[in-house]
Amino acid sequence: MLDEQRFGADEAPCLSVRHLSKRFGAGCPRCLGLEPQLERNVCPRCGTVHAVRDVSLDVFPAEIVGIVGESGSGKSSLMKCLFFDEEATDGDVRARPFDGGAENLLSLSPQQQRAIRNTVFGMVYQNPYLGLRMDFSSLSNIAEQMIAAGSRNVGFMRARGEELLERVNIPLSREADPPRTFSGGMQQRVQIAKALSNNPPILLLDEVTTGLDLSVQAAVLDLVQQIRRDFDVSMLVVSHDLGVIRMLADRTLVMLDGRVIESGLTDQILEDPQHSYTQQLVYSLL
Amino acid sequence: MATVCHPEQTTLPTCHPERSAQRVVEGSPAAPAEIPLLQIDGLSKSFLLHRVNRRIQGCQDVSFSLSPGQFVGITGRSGSGKSTILRCIWRTNLPERGRILYDSKRFGTLDLAQATQRQMLYLRAYELGYVSQFLNALPRQTARDIVLKSALEAYGVDERERAEAETERMLRHFDLDEELWELYPRTFSGGEKLRLNIASAMIKRPRLLLLDEPTASLDNASKLKVRDLIEQLKAEGTTMLGIFHDLEFMEGLCDHEFNMQEGMMT
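Residues numbered from 1 in each chain as written. Chains lettered and ligands numbered in written order. Predicted model: local features only at pLDDT ≥ 70, side-chain atom pairs only at ≥ 80, totals over all residues.

Draft legend 1. Layout of the overall build of chain A. Looking only at helices and strands, chain A has 12 helices and 9 strands in total. The C-alpha radius of gyration computed for chain A amounts to 19 Å, which stays within 12% of the reference 19 Å derived for 286 residues, consistent with globular compactness. Overall, chain A is about 60 × 45 × 40 Å in size when its C-alpha atoms are taken along their principal axes. A burial count over chain A gives 50% of its 286 residues as buried. If you take every contact in chain A between residues at least 6 apart in sequence, the share linking residues at least 24 apart comes to 68%. (Helix = DSSP H or I, 4+ residues; strand = E, 2+ residues; numbered from the N terminus. Rg over C-alpha atoms; globule rule 2.2 N^0.38 Å. Buried ≥ 20, exposed ≤ 12 C-beta atoms within 10 Å, placed from the backbone. Contact = placed C-beta atoms within 7 Å.)

Draft legend 2. Highlighting unusual backbone geometry. Residues and elements named next belong to chain A. Although it is not a glycine, H19 sits at a positive phi angle of roughly 50 degrees. Examined against the element boundaries, H19 turns out to sit in strand β1 (residues 15-24). With phi around 50 degrees, E207 is a residue other than glycine that occupies positive phi space. Residue placement: E207 occurs in the loop between β6 (202-206) and α9 (214-231). A count of 20 C-beta atoms within 10 Å places E207 in the buried class.

Draft legend 3. Here's a closer look at the domain arrangement of chain B. Residue and element names in this part refer to chain B. Domain boundaries in chain B define domain 1 (28-127 + 207-266) and domain 2 (135-205). Look at where the C-alpha atoms of domain 1 and domain 2 centre, and you get two points 24 Å apart. At the junction of the two partners, domain 1 supplies 10 residues and domain 2 supplies 9 residues. Listing elements by their share of the side of domain 1 that touches domain 2, those giving two or more residues are α2 (117-126) and α6 (220-235). If you tally residues by element for the side of domain 1 that touches domain 2, the top one is α6, at 4 residues. (Domains from an automatic or database assignment.)

Draft legend 4. Up close: the sheet that holds strand β5 (residues 108-111) of chain B. All names here are of chain B. Taking strand neighbours across the sheet as the criterion, the 4 strands line up as β2-β1-β4-β5 in an open arrangement whose pairing is antiparallel. What marks the edges here is a single partner per strand, and that holds for β2 (54-66) and β5. Sheet twist, expressed as the average angle between the axes of neighbouring strands with direction ignored, equals 25 degrees. (Pairing = 2+ DSSP bridges. Axes fitted to C-alpha atoms, helices over the stretch in contact; angles between N-to-C directions.)

Draft legend 5. Focus on the pairing of β2(B). Residue and element names in this part refer to chain B. Two elements, strand β1 (residues 38-49) and β2, share 9 bridges in a ladder whose sense is antiparallel. Among the inter-strand pairings, I40 is bridged to a residue of β2, identified as F64. Joining the antiparallel neighbours β1 and β2 is a turn of 4 residues, in which N53 adopts a positive phi near 50 degrees.

Draft legend 6. Structural detail: helix α4 (residues 160-173) of chain B. Residues and elements named next belong to chain B. Along its 14 residues, α4 runs 19 Å from first to last C-alpha, staying within 8% of the 20 Å computed at 1.5 Å per residue. Looking at α4, one finds that the buried residues are A163, E166, T167, M170 and L171. Mapping the buried residues of α4 onto a view down its axis gives an arc of 135 degrees, with all of them on the same face. Along α4, exposed side chains directed more than 90 degrees from the buried face belong to E161 and A165. (Expected span 1.5 Å × (residues − 1). Arc of directions from axis to C-beta.)

Shown next, in the form of structure tokens:
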């Protein structure tokens, strides 16, 4: 929900990322120099892949920020670095809901990072196999996340799990079924329920609707909007689908070869793109 | 180039190459005595198309102002740059040169050409309204849902009851047949979509309503209905800036009107 108080000059982002970089490979003088001699994001001399290069962004309370770009542009690597699935090579990430933004999350201990994964961030992966235990019941999947955050009361966890499953339209008659037996759209919705279980203030959504059929996609998008509105959650939404970004994101960043090449209000990015790559991308929209 | 997605640095550096060359144009055609709600000075916008390496002119050196409660109409052939003006105010287009001074309730006098993205999001949510014939909503949402969503955004989720009541009132007020309320607007006629859009914009009580060719591709009967609607909004004190294809339709309705030709005001 957009809150009047939040738009002041003093409003503070709830997630703030500065100069985040992720390299796969050691790098060499050619690609690590002040003016890297790279045509794309792979160093021709040492083969190092510069997946994310000097990305900075802010996400404000209850805001949805979209990231678009072709495959290989570094969107998912960025998300993985933020969720500590991958170790960022460089950068500074601060989350206000965690400690008021005092510390760089990237330099915290693995235990602290795990705690942040459980309470500050909720992640929904493109591939439900990464986010769910396919052989556990849906309810246990949610409980697992809550246990990781310190919950021990079975009754409470069950009640919360059922509330969430209901919220994402999974019939309670199927709460004991493992997600393995669910359709792709249902699995995605269980993942969303699981990600929401500890009321994280920030959700990371990585290609949540990719591979879903249109009607299911519309239902998931609607759910995401409701969640933002009803729970005041901020979201970073990665998608290569401009339609999804158009429907969800307030502001959008365009990534190419690991860098953010353009950012703006979503409709401005789509209607008045400045960068030649963004123009190419937008003109490809069906 | 690392672009920081932060409100203080939200436009690309290249978007305002001649910011220092801004000038205030005197004697704008609609200069009223009152303090304007919106004052546009020397607004220019062109579009650089990289693929063909060509620059397309949108609007050029446009200046005018709008006082509270006024209705100003812009006419002109398609391609004359009238939409560009509206889109620059709404910031769907990044203004290139000139100022768009808006008297915001929240931020005071603000140049929309330079406002941060977050400020624009705020203004879109609480102070400005944009209406066209096209629907921009998630699929599979009923007409009622669309207006309710807009109401919830303005009032807050805690005010659900009020939002629901107001939604029905607005749908009725703008003459949307009750049979349509629970339908998906995909199948609505142009006029019905427009009325739905107006309901969903007006439920937020915007201080400035932008009407983007509300009558385009409507038949005469529907156009008259829109005219009634605009008259009604005007009587309620809504400040409006509208662009229209045809002049006749606007006869006697606008406080001021001007014509665009090849990006210039005539």
